[in-house]
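Summary of structural features
Chain by chain, the residues run as shown.
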Amino acid sequence: MTRRLGLAVLASGRGSNLQAILDSIDSGRLDAQVALVLSNTPRCLALDRASEAGIPTCCITRKASGGRASQLARIHDALVEADVDLVVNAGFNLILSSATVEHFRNRMLNIHPSLLPAFAGGMAPKPQRDALEHGVKVSGCTVHLVTDELDAGPILAQATVPVLDDDTPDTLASRILVEEHKTLPKVIQWFAEGRVLIQGRRTYILPEPVQQQTARVAG
Ligand code: GAR
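This section reports on the structure supplied with the text.

Criteria and cut-off values
- Residues numbered from 1 in each chain as written.
- Predicted model: local features only at pLDDT ≥ 70, side-chain atom pairs only at ≥ 80, totals over all residues.
- Heavy atoms only, no water.
- Near = heavy atom within 4 Å.
- Polar contact = N/O pair within 3.5 Å; in protein donor to acceptor, adjacent residues only side chain to side chain.
- Areas by Shrake-Rupley, 256 points an atom, 1.4 Å probe, with all protein chains shown as cover.
- Helix = DSSP H or I, 4+ residues; strand = E, 2+ residues; numbered from the N terminus.
- Nonpolar A, V, L, I, M, F, W, Y, C, P; charged D, E, K, R; others polar.
- Expected span 1.5 Å × (residues − 1).
- Bend = angle between axes of the 7 residues up to and from the residue.
- Axes fitted to C-alpha atoms, helices over the stretch in contact; angles between N-to-C directions.
- Parallel < 35°, antiparallel > 145°, perpendicular 65-115°, else oblique.
- Contact = heavy atoms within 4.5 Å.
- Pairing = 2+ DSSP bridges.
- Left-handed = near helix turned anticlockwise from the far one by under 90°.
- Core = buried A, V, L, I, M, F, W, Y, C linked by side-chain atoms within 4.5 Å.
- Buried < 20%, exposed > 50% of the residue type's maximum accessible area, 1.4 Å probe, protein only.

**Looking at the site of the ligand**
Looking at the ligand, there are 13 residues lining it, with Arg 14, Gly 15, Ser 16, Ala 124 and Glu 180 nearest. Residue Arg 14 places a side-chain N or O atom 2.6 Å away from an oxygen atom belonging to the ligand. Compared with its free state, where it exposes 450 Å², the ligand has 94% of that area covered by protein. Listed by contribution, the elements that provide at least two residues to the shell around the ligand are α1 (16-26), β5 (108-112) and α7 (169-192). When its residues are assigned to classes, the shell around the ligand shows five nonpolar, six polar and two charged.

Below you can see the structure in the form of structure tokens.
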């Protein structure tokens, strides 16, 4: 029997994307298991959701770590120790160290509430507010691989929503969130099926598994 795809999910707040992952696993649409939920925010809803689901949690704050560098080093150690196949930034408001990004190269995802490369940077609801202020007619979310350049890694999937005349950042964010909850589990399932091929900036979702590994990197 093959091992289910092991996930570490990083979240700083509400954790609705974490919940979407857990619900997808529960309903059999996602063949993965969450081995660790890691947060940098004590007492956040994401940690409550994980505990509720019986998933090991870990909270690493800057304060308790004695500064940013040691916080990032502790997060690195926790993720390496968790020995997961994929790390998923699902509303995580901390930029990880280069060592962590390199360790999980092509195995770390982020979800961002805009159609990247537009409105990169910042946490929700800033990207949604920026999109509204810019006057775009279509927005959405992007799931991408994490690289050292913020919100600029190879794109795996995007989903679009219309921007309505009476939208506020909150109404737009809610409409995008509905798509986020479908898109993130879908991308993780592609990894579970070994169907993600990465060639430079281009990614391809193949009809059949690439190999017995998380993703194949070519070129
Ligand atoms: C989501 O909208 C996610 O796309 C966004 O934070 C929200 C987290 O919601 N991420 C970013 O803005 C990353 N730059 P959640 O905690 O309910 O999943």
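Past the structure itself, the notes keep going.
**A look at unusual backbone geometry**
Put simply, Leu 116 and Pro 117 share a cis peptide bond, and its omega is 15°. Checked against the element boundaries, Pro 117 lands in the loop between β5 and α6 (126-134). Here the amide bond leading from Ala 124 into Pro 125 is cis, since omega sits at 10°, within 30 degrees of zero. With respect to the helices, strands and loops of the structure, Pro 125 is situated in the loop between β5 and α6.

**Observations regarding α7**
Here α7 contains 24 residues, and its C-alpha end-to-end distance of 34 Å stays within 8% of the 34 Å for a straight helix at 1.5 Å per residue. Approximately 25° is the largest bend angle found in α7, and it occurs at Glu 179. The first or second residue beyond α7 is Gly 194, which carries a positive phi of 65°.

**Describing the packing of α1 against helix α2 (residues 45-52)**
To characterise two packed helices, one gives the angle between the axes of the helices and the distance between these axes. At a minimum axis separation of 9 Å, α1 and α2 run at an interaxial angle of 20°. Classed by the angle they form, the pair α1 and α2 counts as roughly parallel. Here α1 contributes Ser 16, Leu 18, Gln 19 and Leu 22 to the contact with α2, which in turn contributes Ala 46, Arg 49 and Ala 50. Looking at the contact of α1 with α2 residue by residue, the classes come out as four nonpolar, two polar and one charged.

**Some words on the sheet that holds strand β2 (residues 32-39)**
Taken together, seven strands build an open sheet; the order of strands is β3-β2-β1-β4-β5-β6-β7 and the sheet is mixed. Both edges of this open sheet fall to β3 (57-59) and β7 (155-162), since each of them pairs with a single strand only. Neighbouring strand axes in the sheet, compared pairwise and without regard to direction, differ in orientation by 20° on average. Two strands pair when backbone bridges link them, and β5 and strand β6 (residues 138-145) are joined in this way by four bridges, in the antiparallel orientation. Across the sheet, His 112 pairs through a bridge with Thr 142, a residue of β6. α7 rests against β1 (5-10), β4 (86-89), β5, β6 and β7 of the sheet, and its axis sits at about 155° to β7.

**Regarding the packing of α6 against α7**
At a minimum axis distance of 9 Å, the contact between α6 and α7 shows a crossing angle of 115°. Overall, the two elements α6 and α7 adopt an arrangement that is roughly perpendicular. The element α6 and its partner α7 pack so that their crossing is right-handed. Seen from α6, the contacting residues are Gln 128, Arg 129 and Leu 132; seen from α7, they are Pro 169, Leu 172, Ala 173 and Ile 176. For the contact of α6 with α7, the per-class residue count stands at five nonpolar, one polar and one charged.

**Considerations on the nonpolar core**
Leu 7, Ile 21, Val 34, Val 88, Leu 109, Ile 188 and Phe 191 are the most contacted members of the largest nonpolar core, which has 33 residues in total. If you tally residues by element for this core, the top one is α7, at five residues. Counting 18 residues, the second-largest nonpolar core is a separate cluster that includes Leu 36, Leu 72, Ala 78 and Leu 79.

**Observations regarding the environment of His 103**
Inspection of the secondary structure puts His 103 in helix α5 (residues 98-103). Among the residues examined, His 103 registers a relative accessible area of 39% and is labelled partly exposed. As a C-alpha pair, His 103 and Leu 156 span 53 residues in sequence and 19 Å in three-dimensional space. In this view, His 103 contacts His 76 and Val 80; residues no more than four positions away in its chain are not counted.

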